[in-house]
Every structure is written in structure tokens, then in C-alpha cells.
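Results of the structural survey
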Amino acid sequence: MTDRILILDFGSQVTQLIARRVREAGVYCEIHPFNKVTAQSLQAFGPKGLILSGGPASVLDEGAPLPPACVYESGLPILGICYGQQAICHQLGGKVEPGATREFGRAYVAISDDCALFHGAWAKGGREQVWMSHGDRVTVLPPGFRAVATSEGAPYAAIADDRRRYYAVQFHPEVVHTPHGAKLLGNFVHGVCGLAGDWTMAAFKQQAIQAVRAKVGKGRVICGLSGGVDSSVVAALIHEAVGDQLVCVFVDHGLMRQGEADQVVSVFRDRFNIKLVHRDAADLFLGKLAGMTDPEKKRKTIGALFIDVFEEEAKKAGGADFLAQGTLYPDVIESVSVIGGPSVTIKSHHNVGGLPERMNMKLVEPLRELFKDEVRALGRELGLPEEMVGRHPFPGPGLAIRIPGQEITKDKLAILRAADAIYLEEIRNAGLYDAIWQAFAVLLPVRTVGVMGDSRSYDYALALRAVTSTDGMTADFYPFDMAFLGRVANRIINEVKGINRVTFDVTSKPPGTIEWE
């Protein structure tokens, strides 16, 4: 079994970032709700170290969430972060009090002593930037601990019990605002826990293939291909595992970007020789969307029709025993309540346990332990082309939500596809595609007056959108130089009939969203 770290989640909004940093250090880890951890589950998972996350509660509250006794009885190294530090101190004989001064955002810690967490990152006597987010603070250390860093609002900003291999910090090393935070986490998993950091995507690929073979046996698997990264990687992985036992169904709803449908068919049918059912349902979808302008109705109509068409094609293909889905680890984490009860569940995901009962198939979800960037790395291991693996996120309803406030027609789709293709081509030519999280064009429900040649024009306005982000939860607009924007606008107006005005969206998320609809 791969060496692993277990992260106990106490409800922090950035717990996922801890997992990402640990995996970036080459160590496999998982996030489990603190209240699901038992002595039996610890033994079954077999971690070599434990990390206690931050969280919104106070250890001083009645019924506050706290690690179970088996955590301390395990003899494993422990790292507590923010609330995790306060829980350790509260349970092991220290004292936590409401802070006279709260610390939120950027802060600085003074390094008062050396410890295993700091090797190669922080030196005694130094002053380092960190990211704080706490009201309570530790005021008395438990027996066996010593202070190794202090801040203005936290006299015990970092503490160490070297004998038991317990370490804790009041700040958040997992966020980018703590510049050396990834190194501190790396020191914990490598130096303190003694892990080699040899978890690789090549190793995961082989494990996943074996797991799929063991689960599927001689059964048949059906996979809905959308052309996106997740479904493409699932299809390639399962095909490598079970070959012709897999059938892929590509429902072409006619709402994809220029050339994408052809690329999906070419890659999977021609290059990978996968059994592929390509259903061109563009007219069916457009017919159902006729006269529809409300965004929520568009989404629901497209989603319901997609399922109907997929089921229809699955039956024609002879049915299957298993349905493959591209569920990712963030979907799994966000669908599990940390403390219990619906009020603390962040969101439900349609592809986590959302299989329609009438389909009577078991789920195969080989990506459910991976983050998005890891899925891309797996896709490269499987030999998928870079233009597919590195593709920007694309919504399920496709271009239908990039024609906001108006009916979807073939003509409007053609105009938007052409403009979007020019925009993305210019971004690629400028070497900017990988620096941008998502870029696209939006055909606005506005016609504007223009002068083209010696004639008056009355055509559509187009908005360009490009954002930077790490996870899609927050985003900022990409700061193109004006020469680039001018070049793109000039090409679109000259080459795409039906557009005479181009704008650039500089709204961040929040307050806006990435998509317009």
C-alpha cells in the first residue's frame, strides 16, 4: 500500500489546499471528516501521519468538534493547523482563550527556535510572512511542547513536541499567502513522518487500471463522453483496463465550440480505437430550446434531454453493467458534511451518487481520488493529446449559456463559434493559453449601430472574458495589454459577419461569476 497521510477535516474552507500541497510533495493523502475517524478506520487506512485542519468553530464552545482519543493514542506524528492547533492544546492540557487581538490576513511571525518543520525554510531569528485567520489563541502550552515562533496576536504561532512528533501552527501553511508554507508541509511529511514522496501519476495509473479490472470483471461499461477533460480521461483509462468491454456514447448537442465534436470522434474512434456511438442530436436540442430565453430553463432542458438521449443510445448499444463517471475528489469532499446536517454541506453534486435508479447500473468512478490538475497529469500518462488534456473548463450546457437572454439559433451559434475561435487562436498565438483559467466569447442580446465601409450596420455586440483562478471558486480578469485586445477585436469585426462591436469583461468573481448565465 502506498505511504499515506490522513487529513482530519474540521470544516475549513481551505482544507482541500492541505491535500493539494501534500500531494505536490509526492505523498498520497485523503481528507476524512473528523467525526468519521475511529481506531478501526485509522488502522484500515494505515496513515503514516495525521494533519488536523482549520475550522470555523471555537474549542471553547459547548460540543465543539474535537479529534477522537484514537488520534493521540495512535502514536502517529500529528500536525495541527489553526483550529487544529487549538484542539491539540485544549485536549492535551494547555489553554485556549479568546484573542484580545484578532489576526486575519497577512501577518509576520518571529522564529524563536529551530524545529523539524522549519528545516531549509525558516531560520532562528528570522521574520517570515504567513496567513492568519483566527480569533481564539493558545495562551498556555500543554506539557512537552515548546514555542518555536510567535506573532503579534499569537504568542504560540508555532509549537513543537519533538518527542511525540506533535507540531502545530496558528497560521495556514497551505495557502499561497504563506510563501514557504508548502515547504513546511513537505518537512512534516518527509522529515517528521519519514515518507519518501514517491507517489506518482504513473503509479496511480497502474493502481487505477487494476482496480477497474477487479471491479468490472467481465462486465460491460458505458461512458458518456462530453469532450471535456474528466470524461475523456475516464474513457481512456477504462479502455486501457478492459478494452472492448467499454462503449462510449458521445451525445453531440450542437452546442460545442468550433471543431470540438470532430476532435472527440477523431481521438477516441480513430486514435484509441474505442467503441464510440456518436449521436448527432443538434436539431433535437435546438428544437427543444426554441423560443427559450430563461437561463435556468435552458440548463434544465439541456440536462434532461441529454440524459434521455444518452439512455436511448445506451439501450441501442445493448446496455451495460456499469456506468463510468468523471467524479473528482473535490466533488466527493464537498458532498460530505463535516459536522453533520444539511446546514454545513457546501453543495451537492449531481454526479456523486446521482445515478438514476431506472438505469440499473453500478458506478465506476476511477477519478474520485484526484484533483483536477492530477486528472490532467493522468491524461498525459494515458497519451491523450495536449489540446484535450489542457483544455479550459467548458460548461455542460455549452454555448447555450454564452448566448444570454435570447433564443438559441443556428445563426447565433455560428456567429459565436467563429468569434470564439478567433479569440482562442490569438490567445494561443500569444502563448497565453496556459496562463489563463478560462477564456471565451459571449454573444450579447444587444445590437449596436456601426459604420462598416460606407454603410450603417446594426449588428450584435460581443463580450470577451478571460480569468485567472486556481479552483474556479474565485477569479480575476486576465490583464491583457490593449494592443492584444485591439488586434482580437479588429479580427472578429472584420472576419465574423454579424458583429460590429467588441467589449472586454473586467469583473472579478465575486461579485460576478465566471460565466455570464
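Residues numbered from 1 in each chain as written. Predicted model: local features only at pLDDT ≥ 70, side-chain atom pairs only at ≥ 80, totals over all residues. Heavy atoms only, no water.

1. Examining the nonpolar core
With 47 residues, the main nonpolar core has Y423, I427, L462, F480 and I492 as its most contacted residues. Broken down by secondary-structure element, the contributors of at least two residues to this core are β11 (246-252), α9 (282-289), α10 (295-316), α14 (410-429), β15 (438-452), β16 (455-468) and α15 (482-495). Examining the composition of this core, we find that 8 residues originate from one element, α14, more than from any other. Beyond its immediate chain neighbours, meaning those up to four positions away, L462 contacts L416, A419, A441, V442, L443, L444, I492, I499, R501, V502 and T503. Grouped together as the second largest cluster of nonpolar side chains are 44 residues, F204, L237, I238 and L276 included. (Core = buried A, V, L, I, M, F, W, Y, C linked by side-chain atoms within 4.5 Å. Buried < 20%, exposed > 50% of the residue type's maximum accessible area, 1.4 Å probe, protein only. Helix = DSSP H or I, 4+ residues; strand = E, 2+ residues; numbered from the N terminus. Contact = heavy atoms within 4.5 Å.)

2. Focus: α9
When we look at burial in α9, the residues that qualify are A282, F285, L286 and L289. The buried residues of α9 occupy one face: seen down the axis, they fall within an arc of 95°. Exposed side of α9, more than 90 degrees from the buried face: D283 and G287 are the residues found there. (Arc of directions from axis to C-beta.)

3. Digging into unusual backbone geometry
Cis geometry marks the peptide bond from K509 to P510; its omega dihedral reads -15°. With respect to the helices and strands, P510 occurs in the segment after β18 (499-504). With an omega of 15°, the peptide bond running from P510 to P511 counts as cis. Here P511 is to be found in the segment after β18. Even without being glycine, C82 reaches a positive phi, approximately 55°. One non-glycine residue, R165, lies in the positive phi region at around 60°. Within the fold, R165 resides in the loop between β8 (158-161) and β9 (166-169). Given the relative accessible area of 32%, R165 is considered partly exposed.

4. Digging into the sheet that holds strand β12 (residues 275-280)
To summarise the sheet geometry, strands pair through backbone hydrogen bonds and adopt either a parallel or an antiparallel arrangement. Pairing in this open sheet of 5 strands is parallel, and the strands run β12-β11-β10-β13-β14 from one edge to the other. With one partner strand each, in any of the chains shown, β12 and β14 (362-364) form the two edges of the open sheet. Recorded for the sheet is a direction-independent mean angle of 25° between the axes of neighbouring strands. Pairing analysis gives 5 bridges linking strand β10 (residues 221-225) to β11, with the strands arranged parallel. By the bridge assignment for β11, I222 is matched with V247. (Pairing = 2+ DSSP bridges. Axes fitted to C-alpha atoms, helices over the stretch in contact; angles between N-to-C directions.)

5. Some points on the packing of aromatic side chains
Applying the stated rule across the entire model yields 13 aromatic pairs. With a centroid separation of 6.1 Å and 25° between ring planes, the pair formed by F268 and F272 is classed as stacked. By the burial criterion, F268 is buried, and F272 matches it. Three or more aromatic residues link up through ring pairs in this structure, and these residues are Y423, F477, Y478, F480, F484 and F504. Here R402 stacks its cationic end above the ring of F440, 4.0 Å away from the centre of that ring. (Phe/Tyr/Trp six-rings, centres within 6.5 Å; stacked < 30°, edge-to-face > 60°. Lys NZ or Arg CZ within 6 Å of the ring centre and 35° of its normal.)

6. Quick notes on the packing of α9 against α10
With their axes 10 Å apart at the nearest point, α9 and α10 run at an angle of 145° to one another. Considering the relative orientation of α9 and α10, their crossing is right-handed. Residues L284, F285, K288 and L289 of α9 form the contact with α10, whose own contacting residues are K298, T301, I302, L305, F306 and V309. Considering only residue class, the contact of α9 with α10 consists of 7 nonpolar, 1 polar and 2 charged. (Left-handed = near helix turned anticlockwise from the far one by under 90°. Nonpolar A, V, L, I, M, F, W, Y, C, P; charged D, E, K, R; others polar.)

7. Things to note about the pattern of salt bridges
Side chains that carry opposite charge are capable of pairing whenever their charged atoms lie near each other. All told, the structure shown has 26 salt bridges when counted by the stated rule. E313 is the salt-bridge partner of R279, the closest N and O atoms lying 2.7 Å from each other. Placement of R279 in strand β12 and of E313 in helix α10 is noted, with a sequence separation of 34 residues between them. Relative accessible area serves as the criterion here: at 7%, E313 is assigned to the buried category. With a shortest N-O distance of 3.2 Å, E426 and R487 are connected by a salt bridge. In this pair, E426 is assigned in helix α14 and R487 in helix α15, connecting sequence segments 61 residues apart. We classify E426 as buried; its relative accessible area is 8%. When its relative accessible area of 39% is taken as the criterion, R487 is described as partly exposed. A single salt-bridge network, built from bridges that share partners, covers E425, E426, R487, R491 and E495. (Salt bridge = Lys/Arg side-chain N within 4 Å of Asp/Glu carboxyl O.)

Function-wise, these values are silent; they only describe arrangement.
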